[in-house]
Amino acid sequence: MLTEQQVFGVYVPVVTPFNTAGEVDLDSYEHYVNNIIKHNIQGLVVNGTTGESPTVTVEEFQLLVNASRELLKQSSIPLMVGTGTNDTASTVKRTELAGHLGADAALVVVPYYSRPSQQGIIEHFRKAAEVGVPIMAYDIPGRTGVGMTVDTARTILEMDNVVGLKDCSGSPLLVTELTKYGSKPILCGDDQHFLDMLGRGAAGGMLASANVRPAEFIEIYEYFASGQLEQAKQAFERQTPLISLLFKESNPAPIKWLLSHTGVIGSDTLRLPLMSISTGLQEELRAYQAGALVSGL
């Protein structure tokens with residue numbers, strides 16, 4: 001089970017590879033995840049937003065968790081599984097299932113679309129935390145339509161079994177205010193704000209861009225953690241062009257395209273309503289990749 005002390009460094013929220021028929025591609029998944037976990041990541045996150053969780057069936061959910069658990073059996077890397085939906089009862093059931101399948105923690109998002117009150121958000125997390133599986137709360141108002149206030153986040157982080165918060169609020173306000181009170185660990189979920197949020201008290205990041213460049217994002221964190229702030233700044237600035245491209249269109253479409261283009265997964269297939277990236281962004285990513293190879297980045 002994940003503890004607060006393990007919530008630091010770089011967590012990688014993985015994509016769910018599909019073949020051209022739209023089925024989960026386990027061969028690609030195993031190759032791709034093995035490529036990630038050979039790096040010094042601190043956590044693997046399955047079935048999150050980057051994993052297209054709203055389109056993944058319960059049967060596929062079980063398949064992915066079981067495959068991930070098998071891939072990690074010789075590793076100390078914790079497995080976190082996205083279980084949050086916009087229905088509290090469904091979230092509880094998925095969290096229970098994740099725990100039964102051997103997940104070390106569950107990633108639970110603020111309920112999307114419903115736009116609940118702050119008290120409704122609190123009660124949603126209270127029910128999820130009562131399952132007994134360690135919970136990483138996840139605030140991403142740009143996708144859910146409503147975000148946590150600072151007081152709501154503090155209340156949730158004080159709950160038993162809640163071990164931390166993934167902050168995709170789009171602003172440094174939440175992490176800045178929470179760390180004033182000696183908060184449980186906060187992971188930056190906005191890749192472009194990673195270095196800034198480390199400087200404001202974040203314990204690390206849950207970074208979609210690390211699917212493409214795990215070693216480079218680990219390097220940024222390690223430079224920062226060791227007090228080499230100028231080196232951290234320079235290392236982060238080397239990755240900002242890539243971050244911009246990977247979020248130019250809806251995540252995870254650009255990441256999937258680049259992983260497929262470089263042969264890491266077999267296809268960039270997404271499930272509707274997501275579609276593959278535009279030809280213009282494909283050309284930009286090809287040009288970036290060619291330039292990175294030439295420059296050794």
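What you are looking at is a predicted structure, and each value in this text was computed from that prediction instead of being measured.

Asks: Break down the overall build of the chain for me, with residues and values.
Replies: What the chain contains, in helices and strands, is twelve helices and eight strands. For the chain, the C-alpha radius of gyration of 18 Å lies close to 19 Å, the compact-globule estimate for 297 residues. Its C-alpha atoms put the chain at 50 × 45 × 40 Å along the principal axes. Relative to its full complement of 297 residues, the chain shows a buried share of 53%. In the chain, the proportion of contacts linking residues at least 24 apart, taken out of those at least 6 apart, comes to 69%. About 12,300 Å² of surface is accessible on the chain, with carbon and sulfur atoms providing 51% of the total.

Asks: Would you mind going over the nonpolar core in detail, with residue names and values included?
Replies: Inside soluble globular proteins, nonpolar side chains tend to come together where they are buried. Core analysis: the largest hydrophobic core is formed by 84 residues, its most contacted members being Y29, Y32, L44, F125, M148, I156 and F194. If one sorts the elements of this core by residue count, helix α10 (residues 229–246) sits on top with seven residues. When near neighbours in sequence (up to four residues on either side) are disregarded, F125 contacts V108, V109, V110, I135, A137, Y138, M148, I156 and M159.

Asks: Now, about unusual backbone geometry: what can you tell me, with residues and values included?
Replies: Going from N251 to P252, the amide bond is cis rather than trans, its omega being 10 degrees. Within the fold, P252 resides in the loop between α10 and α11 (253–261). Unlike most non-glycine residues, N47 shows phi in positive territory, near 70 degrees. Phi angles above zero are rare outside glycine, and E52 is one such case at about 55 degrees.

Asks: Could you give me a rundown of the sheet that holds strand β6 (residues 162–167), with the residues and numbers involved?
Replies: Spatially, eight strands are ordered β1-β2-β3-β4-β5-β6-β7-β8 in a closed barrel, and the strand pairing comes out parallel. The mean angle between the axes of side-by-side strands here comes to 25 degrees, regardless of whether they run parallel or antiparallel. Judged from the three bridges that link them, strand β1 (residues 9–13) and strand β2 (residues 43–46) form a sheet pairing that is parallel. Among the inter-strand pairings, V12 is bridged to a residue of β2, identified as L44. Set on the sheet, helix α2 (residues 58–71) makes contact with β2 and β3 (79–82); between it and β3 the angle comes to about 170 degrees.

The rules behind each value
- Residues numbered from 1 in each chain as written.
- Predicted model: local features only at pLDDT ≥ 70, side-chain atom pairs only at ≥ 80, totals over all residues.
- Heavy atoms only, no water.
- Helix = DSSP H or I, 4+ residues; strand = E, 2+ residues; numbered from the N terminus.
- Rg over C-alpha atoms; globule rule 2.2 N^0.38 Å.
- Buried < 20%, exposed > 50% of the residue type's maximum accessible area, 1.4 Å probe, protein only.
- Contact = heavy atoms within 4.5 Å.
- Areas by Shrake-Rupley, 256 points an atom, 1.4 Å probe, with all protein chains shown as cover.
- Core = buried A, V, L, I, M, F, W, Y, C linked by side-chain atoms within 4.5 Å.
- Pairing = 2+ DSSP bridges.
- Axes fitted to C-alpha atoms, helices over the stretch in contact; angles between N-to-C directions.

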